[in-house]
Amino acid sequence: SSGSGDEALRDKRARILSRGLPKQKPIEGVKQVVVVASGKGGVGKSTTAVNIALALAANDSTKEVGLLDADIYGPSIPKMMNLKGNPELTPKNLMRPLKNYGIACMSMGFLIEEAAPIVWRGLMVMSAVEKLLRQVDWGQLDYLIIDMPPGTGDVQLSVSQNIPIAGAVIVSTPQDVALLDARKGAEMFRKVHVPVLGLVQNMSVFQCPKCKHETHIFGADGVRDLAKTLGLDILGDIPLHVNIRETCDSGQPVVISQPQSDA
């Protein structure tokens, strides 16, 4: 009966391990949560998250959409969504999101000075993430888009294990260095049982504004090849275009300011 002894040991181990995991609890008033993530920084993840949120709202005006900036060290949603100021508090001491273009937004950037660095250790960061998740009055949202920080660390794990997530979107540029980290990101979500909805290939091709010649600066099909390897869909192929960058920098993202453009 060594087999049954092994089984009992496995059960006991599983019980002990599961005790350490937080229980997933939905965010009040939020129906579906979609996280936008990347393994590497600087691949256009926040730009993609902002435009996904605006596109969801533009696609169906009956849907309420929110955007949560979970990048504690480098919050960029305030600038991209052209929002400034501190959130008001409700009578229940919850923060009210700031709103622009019909999107309810919350970010660490609303709680600190714009130029102030956040010099925090992990526990303080986790506490801030918990507050952004649980102490915000989102009202009633059909979709909450979470702009995750780059990498596969504490914040990603905490968000994935604390709230039910409908799916993750992984953003990468086509070069090998970014793809290595994008793959790690996809595998991490699989490990914590978050469905990966697909990959977005960003900065895929540059078209010269003068002669219209196209150049694949970061490579042509790296993300497509990765998607095949992982058995995932390609959700979008976004060019390296000055309009996409300029509109986000000026707080008028391309989906809202140039909805008819190719970009």
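Whatever comes next refers back to the structure up there.
From a predicted model like this one, the values you see are computed outputs, not experimental measurements.

## Quick look at the overall build of the chain
(1) Moving on: For the chain, the helix and strand inventory stands at nine helices and ten strands.
(2) Moving on: Whereas a compact globule of 263 residues would reach a radius of gyration of roughly 18 Å, the chain reaches 20 Å, a difference of no more than 12%.
(3) Moving on: Reported as C-alpha extents along the three principal axes, the dimensions of the chain are approximately 75 × 50 × 40 Å.
(4) Moving on: When the accessible area of the chain is evaluated, it comes to approximately 14,300 Å², of which 53% is carbon and sulfur surface.
(5) Moving on: A distance of 6 Å separates the average location of the 28 positive side-chain charges in the chain from that of its 27 negative side-chain charges.

## Focus on the environment of methionine 124
(1) Moving on: Mapped onto the elements, methionine 124 comes out in helix α4 (residues 122-134).
(2) Moving on: Distance in space between the C-alpha atoms of methionine 124 and glutamine 260 is 43 Å, their sequence separation being 136 residues.

## Looking at the packing of α4 against helix α5 (residues 154-162)
(1) Moving on: In contact at an axis separation of 10 Å, α4 and α5 are set at 35° when each is read in the N-to-C sense. Regarding α4 and α5, the two cross each other, and that crossing is right-handed. Facing Val125, Met126, Val129, Glu130, Leu133 and Arg134 of α4, the residues of α5 in contact are Asp154, Val155, Ser158, Val159 and Asn162.
(2) Moving on: Tallied by class, residues from the contact of α4 with α5 come to six nonpolar, two polar and three charged.

What counts and how
Residues numbered from 1 in each chain as written. Predicted model: local features only at pLDDT ≥ 70, side-chain atom pairs only at ≥ 80, totals over all residues. Heavy atoms only, no water. Helix = DSSP H or I, 4+ residues; strand = E, 2+ residues; numbered from the N terminus. Rg over C-alpha atoms; globule rule 2.2 N^0.38 Å. Areas by Shrake-Rupley, 256 points an atom, 1.4 Å probe, with all protein chains shown as cover. Lys, Arg positive; Asp, Glu negative; His and termini not counted. Charge placed at Lys NZ, Arg CZ, Asp CG, Glu CD. Axes fitted to C-alpha atoms, helices over the stretch in contact; angles between N-to-C directions. Left-handed = near helix turned anticlockwise from the far one by under 90°. Contact = heavy atoms within 4.5 Å. Nonpolar A, V, L, I, M, F, W, Y, C, P; charged D, E, K, R; others polar.

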